[in-house]
Amino acid sequence: MDTDLSDRLVAQARQGDEAVLSQLFDLYQPVLVRMVDLRLDAALRRRLDPADVVQEAWVDVVERFPSWRAQDALPFRVWLRLTTGQALARAQRRHLAARMRDAGRDSPILESRPSISAACVADAFVAGSTSPTQAAQREERRSRVLAALEELEELDREIVALRHFEGLSNEEAAAELSIEPAAASKRFVRALLRLRPALQSLAPEAGGEAR
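This structure is a prediction, so every number in the text was calculated from the model and none was measured.

1. Side note on the overall build of the protein
Assigned secondary structure in the protein consists of nine helices and zero strands. Element order for the protein, N to C, with α for helix and β for strand: α-α-α-α-α-α-α-α-α. Per-residue burial for the protein yields a buried fraction of 44% across its 211 residues. At a minimum sequence separation of 6, the contacts of the protein that also span at least 24 residues come to 67%. Surface summary for the protein: the accessible area is close to 11,300 Å², and the carbon and sulfur share equals 50%.

2. A short note on unusual backbone geometry
Despite not being glycine, S178 shows a phi value in the positive range, around 60°. Examined against the element boundaries, S178 turns out to sit in the loop between α8 (170–177) and α9 (181–200). A relative accessible area of 67% means that S178 is categorised as exposed.

3. Here's the deal with the environment of P181
Within the secondary structure, P181 is located in helix α9. For P181, a relative accessible area of 33% corresponds to the partly exposed category. Placed 11 residues apart in sequence, P181 and N170 show a C-alpha to C-alpha distance of 6.2 Å.

4. Notes on the confidence of the model for the protein
On average, residues of the protein score 83 in pLDDT, and 84% of them reach the 70 mark or higher. pLDDT under 50 marks residues 205–211. Its contacts with residues more than four places away, or in other chains, come to 12 contacts.

5. Observations concerning the environment of A43
In this structure, A43 sits in the loop between α2 (21–39) and α3 (50–69). Taking the C-alpha atoms as reference points, A43 and L96, 53 residues apart in sequence, are found 8.2 Å from one another.

6. A short note on the side chain of R142
Structurally, R142 is set in helix α6 (residues 135–150). Since its relative accessible area comes to 18%, R142 is described here as buried. A polar atom in the side chain of R142 sits 2.5 Å from the side chain of D123. Residues in contact with R142, not counting those within four places in the same chain, are A119, A122, D123 and V126.

About the criteria used
- Residues numbered from 1 in each chain as written.
- Predicted model: local features only at pLDDT ≥ 70, side-chain atom pairs only at ≥ 80, totals over all residues.
- Heavy atoms only, no water.
- Helix = DSSP H or I, 4+ residues; strand = E, 2+ residues; numbered from the N terminus.
- Buried < 20%, exposed > 50% of the residue type's maximum accessible area, 1.4 Å probe, protein only.
- Contact = heavy atoms within 4.5 Å.
- Areas by Shrake-Rupley, 256 points an atom, 1.4 Å probe, with all protein chains shown as cover.
- pLDDT = per-residue confidence, 0-100.
- Polar contact = N/O pair within 3.5 Å; in protein donor to acceptor, adjacent residues only side chain to side chain.

Right, here's the structure in full:
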């Protein structure tokens, strides 16, 4: 992403230039699709496309733009992600409610901000670590990483995804999760240390594949 262009457009938007809002959203769209993909409920992956959720979020962004301008301390990127997270929660509630009605069961109550999927993060870590002909090794390594991720607190999994896969700074991740930057940094380092043994299996050993 062109950060210089983003900064210029955000400055214009902060001054009330609604014309640049579409440009900004297009700039961040791939990041938002990635965000939704990491949080999409497994039961809905065949029914709900991340790109569709992001387009739904665009409607909210336009509607809430004046409110964002009134919040000087909230970075545009964080606000955009929070708005998209709310759109995802709404879409999942809608689709899960329909799915549960079809099955004659009650729909579960989802949080306003969907949590990260340990399975999706495991897939992201393993992607590219083995070739298609190494399916057995891939699944074994994924199982190790998934088990390690499931042992982390939910907030720690969020920190790993935000920093490692979604490219947020420590300050941005802290703002999104409503915690202090020092706490976010501590959690990130602690989570990586706990994941290290499982992640080491993803790297090829000197002279060959990791066992």
